[in-house]
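Read off the chains here:
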Amino acid sequence: MDTNPPCRILCRSKKAVELYTVNETTTDENEHYKNRVVLANGMSTLHSFSPDGKKLMVNLSSTGVNVFDLSKNSNENEESKSTILEHTGKVAFMSFSSKGSYIITWERAQKPAEGETEAPPNLKIWSSTTGRFLYGFVMKLCKKSQWPPVRWSHDEKKAFHLVTSEIRVYDGH
């Protein structure tokens, strides 16, 4: 049994996010890109495939981060259903864990709410299956060269968080 995901092409425009699945067995050039699915309507800013290619994360201006399960079949031209991560409209970076079980997002740090001493977490870990927020950290600055600041072992049993001059090790689950 072939465990590799099919070859897919993600197309983003101001109007929609579309996914084409390439038919690798046909010899007819017109049939190569026939399987087209509109994942979402609207403009997107970021996207990322899970390591196994079965999930796709898209950050839409209107709703925030949407997670699509690509292992489920959708009808051509029908907008796909997704899991939406709440309050993620301002995400600047996002990626999947090594097996795709978790999602990590970062957005600019906010000031503490009135009466609070600490700012709300802006580096967040989510379940990629349910979209539930699991854990958060405060991280003032994040550069593309240091993304992602949390990485998992290949089996996701351990998580490693780079903090200034040290690496913190956590149980990965």
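In the block above lies the structure referred to throughout.
Below is a short write-up of the structure. (Residues numbered from 1 in each chain as written. Predicted model: local features only at pLDDT ≥ 70, side-chain atom pairs only at ≥ 80, totals over all residues. Heavy atoms only, no water.)

1. A word on the sheet that holds strand E3 (residues 35-41)
Stated formally: At least two bridges found by DSSP between two strands is the condition for calling them paired. Only DSSP runs of H or I covering at least 4 residues are called helices, and only runs of E covering at least 2 are called strands; the numbering of each starts at the N terminus. The axes are straight lines fitted to the C-alpha atoms, using for helices just the contacting stretch, and the angles between their N-to-C directions are given from 0 to 180°.
Pairing in this open sheet of three strands is antiparallel, and the strands run E1-E2-E3 from one edge to the other. In the strand order of this sheet, the two ends are held by strand E1 (8-12) and E3, each with one partner. Each strand axis lies, on average, 20° off the axis of its neighbour in the sheet, ignoring direction. Strand direction decides the pairing type here: strand E2 (residues 16-21) and E3, joined by six bridges, are antiparallel. For Thr21, the partnering residue across the bridge sits in E3 and is Asn35.

2. A word on the pattern of salt bridges
Defined as follows: Salt bridges are defined as contacts in which a side-chain nitrogen from Lys or Arg sits within 4 Å of a carboxyl oxygen from Asp or Glu. Only protein chains enter the accessibility calculation, which uses a 1.4 Å probe; a residue is then buried when its area is under 20% of its type maximum, exposed when over 50%, and partly exposed in between.
For the coordinates displayed, the defined rule picks out two salt bridges. The partner of Arg36 in a salt bridge is Glu18, with the nearest N and O atoms 2.4 Å apart. In this pair, Arg36 is assigned in strand E3 and Glu18 in strand E2, connecting sequence segments 18 residues apart. Glu166 is the salt-bridge partner of Arg168, the closest N and O atoms lying 2.7 Å from each other. By relative accessible area, which is 36% here, Arg168 ends up partly exposed. For Glu166, a relative accessible area of 39% corresponds to the partly exposed category.

3. Regarding the pairing of strand E11 (residues 133-137)
The sheet contact formed by strand E10 (residues 123-127) and E11 spans four bridges and is antiparallel. Pairing of Leu123 across the sheet is with Phe137, part of E11. Taken together, E10 and the strand that follows it, E11, pair antiparallel across an intervening segment of five residues, in which Gly131 is found at a positive phi of about 80°.

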